[in-house]
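Inside the fold
These are the residues of each chain, in order.
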Amino acid sequence: MQRPTGTIDGERTGDNPAAGCPVAGHGGTSSATAEAPAPDVGAKAPGIYVPPCPMRPTAPPPVWKLIGLARRNFLSVWPSSAFAKPWLRVAVLRKQIFVCNSPDLVQEAFVRKHDTFERKSAQMRHALEPLLGDGLFISDGETWRRRRQIVGPIIHASKVRDFFPVMAETIAERRAAWEAAGADAPVDMLQEMAHLTAEIICRTIFGRQLGRDYAAEVVESFTDYQRHIDQIDLISLLGLPDWLPRRRGRAIRQAVARIDRVLDEIITSYEARRRDGETSVIGGLLDARDEDGKPLSREAIRNEAAVIFMAGHETTANTLSWAWFLLSQAPWARAALKTELDTVLAGRMPTYDDVARLPYTRAVIEETLRLYPPVPILAREALADETVGGVATPKGSLVMVVPWLLHRNPELWPRADHFEPERFLGATRGGQSKFGYVPFAIGPRICAGLAFGLTESILSLAILAQGFEAELEPGTDVQPVCRLTLRPGETLPMRLQPRAPSA
């Protein structure tokens, strides 16, 4: 039996349209109760759709249950009351956790007091250290500062125009493959977007040919690694020393060895066949020099390539997968996107300058990032005793910004659980302080590839949606699951429907 699929254009398809996102299913009800306001039928969007999210407990769960929920899905631990609170404090075993859930506190912790809260959480560092080493994503202190100075310019917004032809070429190949598959072709959209973004990032990092040669193997290795990594760092929660070794299972060690081998092969191949004139990240890393004029070591180049691949592949794939799902459930948004693409592009391939002329396409991506931020929990460890919002945050405690909560805070976002791209149109641009919308983090540790990822997402949706719509397979229950990143489950079965341009 198909589970409820939410409210679409005001029509009730679940048992209780007032229950909205905070209950099980695609916005339908369950036998449990949850605190949730009724959808506002006066929404700015032409239609109403409340997409899925996990059941929200009506009260904070006990610690033993909270740990079990977090192991399965980090999103399940937040009670309904947490979304509207500007500040939360939780004790888990021997670890104090503080959550900033208002723009002022986000700015205070992650910007003004960055030096105290720059270190990633023990869970994040130890989960990714076997894979990324001292890479930019998990390093801190002097290592982070020096590495950011080197890597930042290589993937800076000013470089996106240089990478644009590779992006467009790769997306066009995916569209041609869809055309060859014919009408009503079944696809796993999560896998499709994973392979697309992997191809883009591989060709961007390693150059066109090497990217083609190695993309599939790199994707499989990263996916295997994430499947086996633990989501809870019990050593840290028990207050034990950070230097204590963490258990690494055989599957993790094998995945890391495979990734290291592939990256070493790619770097060696690139050095042997470097081409003049082709912009690539690996070329930039090989040419880079630190402030003392020294090049990066082979290990550092490998680590930073792994960071850029991880950050640029998984997060963008998830965003695009969620966007296709949301559009499949929101006919008015699908129609508005179609009209914009047909009007602006008129069937031709977009240029770099066209990206700025597609505000609704961008709004779909931005609203997707609001509802389903790829990294829904940003956790930092206090390096010294500090205060945030006047509350003491002792050394060793965790201070979190949780985009999953912040982006759905009803005090900040009208109709916070609704899919409403229109909120990102016009001068209001979401109506938020930049500290209330943080899908790419915020402050000095904001994602260095923000412009790259946003451009890639807009361009991918524009080129593919010019020719296709995607319908969710009947009976499919889509639920957000967070491990290292937020995904729509393990698969997203859809069917491709070719479309003709508007007359």
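Conventions and cut-offs
- Residues numbered from 1 in each chain as written.
- Predicted model: local features only at pLDDT ≥ 70, side-chain atom pairs only at ≥ 80, totals over all residues.
- Heavy atoms only, no water.
- Phe/Tyr/Trp six-rings, centres within 6.5 Å; stacked < 30°, edge-to-face > 60°.
- Helix = DSSP H or I, 4+ residues; strand = E, 2+ residues; numbered from the N terminus.
- Buried < 20%, exposed > 50% of the residue type's maximum accessible area, 1.4 Å probe, protein only.
- 1 Å grid on protein atoms, 1.4 Å probe; cavity = no way out; pocket = protein on both sides within 12 Å on 5 of 7 lines; lining within 4 Å.
- Points joined across faces, edges and corners; volume = space filled by probe spheres on them.
- Nonpolar A, V, L, I, M, F, W, Y, C, P; charged D, E, K, R; others polar.
- Expected span 1.5 Å × (residues − 1).
- Pairing = 2+ DSSP bridges.
- Contact = heavy atoms within 4.5 Å.
- Axes fitted to C-alpha atoms, helices over the stretch in contact; angles between N-to-C directions.
- pLDDT = per-residue confidence, 0-100.
- Parallel < 35°, antiparallel > 145°, perpendicular 65-115°, else oblique.
- Left-handed = near helix turned anticlockwise from the far one by under 90°.
- Core = buried A, V, L, I, M, F, W, Y, C linked by side-chain atoms within 4.5 Å.

**Some words on the packing of aromatic side chains**
Each aromatic ring pair is described using two quantities: the centre-to-centre distance and the angle formed by the ring planes. One pass over the structure, following the stated rule, counts 13 aromatic pairs. Ring centres 5.8 Å apart and planes at 65° place the aromatic pair Trp178 and Trp324 in the edge-to-face group. Within this pair, whereas Trp178 is found in helix 5 (residues 160–181), its partner Trp324 is found in helix 11 (residues 298–329), the two being separated by 146 residues in sequence. With respect to burial, Trp178 and Trp324 carry one shared label: buried. Ring centres 5.1 Å apart and planes at 50° place the aromatic pair Phe424 and Tyr437 in the tilted group. Here Phe424 is found in the loop between helix 14 (403–406) and helix 15 (450–467), whereas its partner Tyr437 is found in the loop between helix 14 and helix 15, with 13 residues between them in sequence.

**Notes on the layout of surface pockets**
For the second largest pocket, the calculated volume is near 420 Å³. In terms of lining, the second largest pocket is formed by 16 residues, of which the most central are Leu190, Thr223, Arg227, Arg487 and Glu490. Of all the secondary structure elements, the ones that give two or more residues to the lining of the second largest pocket are helix 6 (189–206) and helix 7 (208–228). No other element matches helix 7, which puts 5 residues into the lining of the second largest pocket. Its residues assigned to classes, the lining of the second largest pocket comprises 4 nonpolar, 5 polar and 7 charged.

**Here we look at helix 15**
Between its terminal C-alpha atoms helix 15 stretches 27 Å, which fits the 26 Å expected from 18 residues at 1.5 Å a residue. Of all the 18 residues making up helix 15, 16 are buried; the element is thus mostly covered by neighbouring parts of the structure.

**Looking at the sheet that holds strand 4 (residues 95–100)**
The strand order across the open sheet built from 5 strands is 3-4-10-7-5, with neighbouring strands paired in mixed fashion. Two strands lie at the open edges of the sheet, namely strand 3 (87–92) and strand 5 (119–120), each paired on one side alone. Here strand 5 pairs with strand 7 (residues 378–381) via 2 bridges, running antiparallel. When the bridges of strand 7 are listed, Arg119 appears paired with Glu381. In the packing of helix 2 (residues 103–112) onto the sheet, the strands contacted are strand 3, strand 4, strand 7 and strand 10 (398–401), and the crossing angle to strand 10 comes to about 130°.

**Some words on empty space enclosed by the protein**
A complete count under the given rule lists 4 cavities of 30 Å³ or more for this structure. If you add up the space inside the largest cavity, you get close to 910 Å³. Lining the largest cavity we find 50 residues, and of these Phe137, Met310, Ala311, Thr315 and Cys447 sit closest to its centre. Sort the elements by how many residues they give to the lining of the largest cavity and helix 11 lands first, with 11 residues.

**Considerations on the confidence of the model for the protein chain**
Chain-level pLDDT for the protein chain is 82 on average; 82% of the residues reach the 70-or-more range. Confidence drops under a pLDDT of 50 for residues 1–20, and excluding neighbours within four residues, the segment shows 51 contacts in the predicted structure. pLDDT under 50 marks residues 22–43. Its contacts with residues more than four places away, or in other chains, come to 72 contacts.

**Remarks on unusual backbone geometry**
Even without being glycine, Asp184 reaches a positive phi, approximately 65°. Its location among the elements puts Asp184 in the loop between helix 5 and strand 6 (185–188). The exposure class assigned to Asp184 is partly exposed, which follows from its relative accessible area of 36%. With a phi close to 50°, Ala346 is a non-glycine residue in the positive phi region. Mapped onto the elements, Ala346 comes out in the loop between helix 12 (331–345) and helix 13 (359–371).

**Here we look at the packing of helix 9 (residues 250–272) against helix 11**
Where helix 9 meets helix 11, the axes come as close as 10 Å, and the angle between the chain directions of the two elements is 110°. Comparing the axis directions of helix 9 and helix 11 gives the class roughly perpendicular. Note that helix 9 runs across helix 11; the crossing there is right-handed. Where helix 9 abuts helix 11, its residues Asp260, Leu263, Asp264, Ile267, Thr268 and Glu271 lie against Arg298, Ile301, Arg302 and Ala306. By residue class, the composition of the contact of helix 9 with helix 11 is 4 nonpolar, 1 polar and 5 charged.

**Regarding the environment of Leu128**
With respect to the element layout, Leu128 can be found in helix 3 (residues 122–132). Note on Leu128: relative accessible area 2%, which makes it buried. C-alpha separation for the pair Leu128 and Gln226, spaced 98 residues apart in sequence, amounts to 9.3 Å. Leave out the neighbours within four places in its chain, and Leu128 touches Gly133, Phe137, Ile138, Tyr225, Met310 and Leu484.

**A few points about the nonpolar core**
By size, the foremost hydrophobic cluster in this structure holds 150 residues, and its most contacted members are Met189, Trp324 and Trp404. Counting residues per element, this core draws most heavily on helix 11, at 16 residues. Leave out the neighbours within four places in its chain, and Trp404 touches Cys53, Pro54, Leu75, Trp78, Phe83, Leu371, Tyr372, Pro373, Pro376, Pro480 and Leu486.

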